[in-house]
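# Examination of the molecular architecture
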There are 2 protein chains.
Amino acid sequence: MNSSTVNIDLGARAYQVRIGPGLLSAAEEFLPWVEGAQVCVVTDETVAPLYLERVTAALASKQVVTKILPAGEAIKTLDGLNHVFDALLDAPCARDVTIIALGGGVVGDIAGFAAACYQRGVAFIQAPTTLLAQVDSSVGGKTGVNHARGKNMIGAFYQPRRVVADTDTLATLPRRQFAAGLAEVIKYGVIADAEFFVWLEENIDAVSAHDAAALAFIIERSCINKARIVAQDELESAGARALLNLGHTFGHAIETGLGHGAWLHGEAVATGMAMAAALAARMGRLLAADESRIVGLLAAAGLPVGPFAGLAADDMLRLMRVDKKVRDGRVRLILPAGIGAADIVDDYPADLLAATVADFTVASTATAAAKTA
Amino acid sequence: MNSSTVNIDLGARAYQVRIGPGLLSAAEEFLPWVEGAQVCVVTDETVAPLYLERVTAALASKQVVTKILPAGEAIKTLDGLNHVFDALLDAPCARDVTIIALGGGVVGDIAGFAAACYQRGVAFIQAPTTLLAQVDSSVGGKTGVNHARGKNMIGAFYQPRRVVADTDTLATLPRRQFAAGLAEVIKYGVIADAEFFVWLEENIDAVSAHDAAALAFIIERSCINKARIVAQDELESAGARALLNLGHTFGHAIETGLGHGAWLHGEAVATGMAMAAALAARMGRLLAADESRIVGLLAAAGLPVGPFAGLAADDMLRLMRVDKKVRDGRVRLILPAGIGAADIVDDYPADLLAATVADFTVASTATAAAKTA
């Protein structure tokens, strides 16, 4: 099977996303984008035994420093970031080092932020190994770490020089991680690509069975959607990029409220999208039939879309208010307007938001059954 | 006395440096550059009792959050940075908050880096209260913190929206801090402005006596020099901006080797400039007469220019090798070529560098007397 390329059109910061099998072993996918004589590969304890050796072999002509982080979201803090700086300064790595993130979204976020800050910015390459990272987090330049009081509160916009998405890595991805990635794939269909949404409805079984052609298609189509939106609004200063946050204000509150790492990011975003759809339907902004299609596709992908335990409604509402989408004291929400369309909304009635949050945070078997039916 | 304005010409990131008495009390110097309804003033325990109240009074129409850091370089770490994030998230401050740095170089570096990273970047205003910050660190967008293994190793290029330099603040500045600021003032004369260097030689007594007109002149002239250089090379990717690092590779090694905070930054840079001049003279790149003028002006400003105790030559050479100016394993040094001219040099003989470092790190009263004569 051939590889494909998606161009991220950001002027002086333009780069390519490469998608295909076997790319991690291919020196030519990396070396032309390596700045100097040193490379620092940042990865984690799950990914290192599977893929680190093939990457270091491809980079054999360089001095390679490796930093293996503990797996999971808990390391995504300023302290975890400092572990990467320790490794860079132990070497020591100079300002012409190139940092390569080999792993999922957590590794990409930490390594990318380290690249943004080390000596005020060094070269950076993303080598995502999870579906979520390949379709979303490795593209677009968002990097950062969590703070105890909020997710991704500390970070930078910092674009990679290249994204190398080796589809072979998805074969080893645990089922739960794979489903979490599908949450972001489905998101593109909801906010911007009705045709893709329909394709996903019709092909979700092939996707879940890891059919190679289906996987390559959803990664490429997701990256094309993301590239188009990011090119319009790189720094999320206009409205376009904010649409990518569908489900994320709800989702971040779930992740922070339950403790970072309890849920996978994509799982929280899936439930967040279900909540956004529920609120939009309550407000009369979304047809009940479309809400059902959104929730139905998420559920078919194996994602949680119903009420959950462990977080009181008031706590969830409070956590939503420290989200990055707050402007002039008001949380702006992304709400679906149909299949393939969404809006930034800040004039939602507070009582309807509270009722929606109450529906999802008060765990009741009956409600849960009704919601996922 | 009137205020003056220096334009920093950085295209979409252009801004003005305002210089003059009484500016900290003037709401119109701040409010047009405040983004939203919230302001976070970051300052330290020395500056807060002197100037915080007049700034918060000027900002009375906004919700003002204040964060008072311990004074001194020791707080300039990732941990210190996290104290600022704690304050921002306790409030909580939204993405439209404007961070104001009220203080010297340490406060500006931490607050600016916090602004660069909080929610991936918020609005930022510099209100420098030391001579060093007014003539150097508040202008040009360098922000960051130290790592145990090196100074300013973690940071970002992040431009303020405005610099408000109130010259009244210099009246309360301790003599040692004032002299440290003069090190950077003299640096502009050495690397780029021979006429200014001569003016400083002739007027150093008026400057040291805090003559108001002399102070206003050196701040404006320093900012004009810095603005011109930064506009040529914002990200220090070409050669121009690197010249601003005259004395800094030596100086950072001194600061790290003796422990951050033992010497003031400007003191270490002054000795570093004397070392750079000594090496340049040894290499035949600088006339002995010009070396004497450089060392003489620094000494007349009350700055250390001779051998110092507490750091072995080998340790100093090792510390210099982790400097940010390393390219392809070689430390690039800025060496003066005369009065008003300097070069980036990486082909200096290792033995001449070692001999220069040995001269300055082996404390001997006889040598010290000879050097400062």
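Small disclaimer: the values here were computed from a predicted structure and weren't measured. (Residues numbered from 1 in each chain as written. Chains lettered and ligands numbered in written order. Predicted model: local features only at pLDDT ≥ 70, side-chain atom pairs only at ≥ 80, totals over all residues. Heavy atoms only, no water.)

Turning next to the pairing of strand β8 (residues 150-157) of chain B. Residues and elements named next belong to chain B. Here β8 lies mainly inside the structure; 8 of its 8 residues are buried. Pairing geometry for strand β7 (residues 142-147) and β8, over 5 bridges, is antiparallel. Directly across from Val145, in β8, lies its bridge partner Ile154. What sits between β7 and β8 in their antiparallel hairpin is a turn of 2 residues. (Buried < 20%, exposed > 50% of the residue type's maximum accessible area, 1.4 Å probe, protein only. Helix = DSSP H or I, 4+ residues; strand = E, 2+ residues; numbered from the N terminus. Pairing = 2+ DSSP bridges.)

So, about helix α3 (residues 105-117) of chain A. Residue pairs spaced three or four apart in an α-helix point in one direction, given the helix's 3.6 residues per turn. In this model α3(A) runs 18 Å from its N-terminal to its C-terminal C-alpha over 13 residues, within 8% of the 18 Å that 1.5 Å per residue would give. Positive backbone phi, approximately 50°, marks Gln119(A), located one or two places after α3(A). (Expected span 1.5 Å × (residues − 1).)

Turning next to the relation of the copies chain B and chain A. Mapping between the two copies of the chain is achieved by a rotation about an axis and a shift along the axis. At an RMSD of 0.0 Å, chain B and chain A line up after a rotation of 180° and a shift of 0.0 Å along the axis. With respect to symmetry, the two chain copies, as superposed, fit the operation of a two-fold axis. Looking at the rotation axis and the C-alpha trace of chain B, the residue lying nearest is Leu78(B), at 3.6 Å. When the interface residues of chain B are mapped onto chain A, 97% of them again lie at the interface, so the same face is used by both copies. (Least-squares fit on C-alpha atoms with pLDDT ≥ 70 in both. Contact = heavy atoms within 4.5 Å.)

The next subject is the interface of chain B and chain A. With 35 residues of chain B in contact, the opposing surface of chain A contributes 34 residues. Interface area lost by chain B to chain A is led by Leu89(B), Arg95(B) and Arg120(B), which between them contribute 25%. Counting every contact that joins chain B to chain A gives 6 salt bridges. Two residues, Arg149(A) and Asp90(B), come together in a salt bridge whose shortest N-O distance is 2.8 Å. Remark: the boundary between chain B and chain A carries 12 residue pairs in polar contact (both at pLDDT 80 or more). Put simply, the parts of the chain that give the side of chain B that touches chain A at least two residues each are α2 (78-90), α3 (105-117), β7, β8 and β10 (326-327) of chain B. Its residues placed into classes, the side of chain B that touches chain A shows 17 nonpolar, 6 polar and 12 charged. (Buried area = accessible area lost by both parts, 1.4 Å probe. Salt bridge = Lys/Arg side-chain N within 4 Å of Asp/Glu carboxyl O. Polar contact = N/O pair within 3.5 Å; in protein donor to acceptor, adjacent residues only side chain to side chain. Nonpolar A, V, L, I, M, F, W, Y, C, P; charged D, E, K, R; others polar.)

The way to describe two aromatic rings as a pair is by their centre distance and the angle between their planes. Following the criterion strictly, the structure yields 10 aromatic pairs over all chains and no others. Ring geometry for Phe196(B) against Phe217(B): centres 5.9 Å apart, planes inclined by 80°, an arrangement best described as edge-to-face. In this pair, Phe196(B) sits in helix α6 (residues 194-208) while Phe217(B) sits in helix α7 (residues 212-232), placing the two residues 21 residues apart along the sequence. For Phe196(B), a relative accessible area of 0% gives the class buried. An aromatic cluster is present here, built from Phe196(A), Trp199(A) and Phe217(A) joined pairwise through their rings. One Lys or Arg, Arg120(A), reaches over the ring of Phe157(B) and ends 5.9 Å from the middle of that ring. Cation over ring: Arg162(A) sits above Trp33(A), and NZ or CZ is 3.7 Å from the ring centre. (Phe/Tyr/Trp six-rings, centres within 6.5 Å; stacked < 30°, edge-to-face > 60°. Lys NZ or Arg CZ within 6 Å of the ring centre and 35° of its normal.)

Helix packing geometry: the angle between the two helix axes and the distance between the axes. Residues and elements named next belong to chain A. In the contact formed by helix α6 (residues 194-208) and helix α7 (residues 212-232), the axes pass within 11 Å of each other and the chain directions differ by 150°. The angle between the axes of α6 and α7 places the two elements in the roughly antiparallel class. Our pair here, α6 against α7, has a crossing hand that is left-handed. In this structure, α6 contributes Glu195, Phe196, Trp199, Leu200, Ala206 and Val207 to the contact, and α7 contributes Ala214, Leu215, Phe217, Ile218, Arg221, Ser222 and Asn225. Partitioned by chemical class, the residues of the contact of α6 with α7 number 9 nonpolar, 2 polar and 2 charged. (Axes fitted to C-alpha atoms, helices over the stretch in contact; angles between N-to-C directions. Parallel < 35°, antiparallel > 145°, perpendicular 65-115°, else oblique. Left-handed = near helix turned anticlockwise from the far one by under 90°.)

Moving on: the pairing of strand β6 (residues 123-128) of chain A. All names here are of chain A. Taking burial as the measure, the 6 residues of β6 include 6 buried ones, the bulk of the element. Burial of β6 is two-sided: the residues Ala123, Ile125 and Ala127 facing one way and the residues Phe124, Gln126 and Pro128 facing the other way are all buried. Judged from the 6 bridges that link them, strand β5 (residues 98-103) and β6 form a sheet pairing that is parallel. The residue of β6 that forms the bridge with Ala101 is Gln126. In this view, the connection linking β5 to its parallel neighbour β6 by way of α3 has right-handed handedness. (Right-handed = clockwise from strand over helix to strand, strands pointing away.)

In low-pLDDT segments, the atomic positions of the prediction should not be examined closely. All names here are of chain A. Averaged over all residues, the pLDDT of chain A equals 93, while 95% of them reach at least 70. Across residues 364-373, where pLDDT falls below 50, the model places 12 contacts with residues more than four positions away in sequence or in other chains. Interface confidence in the predicted complex, given as ipTM, is 0.89; pTM for the same model is 0.90. (pLDDT = per-residue confidence, 0-100.)

To continue, consider α7(A). For α7(A), spanning 21 residues, the distance from its first C-alpha to its last is 31 Å, which sits close to the expected 30 Å at 1.5 Å a residue. Looking at where α7(A) begins, the residue whose side-chain oxygen comes 3.3 Å from the main-chain nitrogen of Ala213(A) is Asp211(A).

What follows covers the state of the cysteines. Residues and elements named next belong to chain A. Taken as a whole, this structure holds 0 disulfides over all chains when the rule is applied. Just so you know, Cys93 is unpaired, no disulfide at all, and the nearest cysteine sulfur is the one on Cys40, 5.3 Å from it. Cys93 gets classed as buried once you look at its relative accessible area, which sits at 3%. (Disulfide = S-S within 2.5 Å.)

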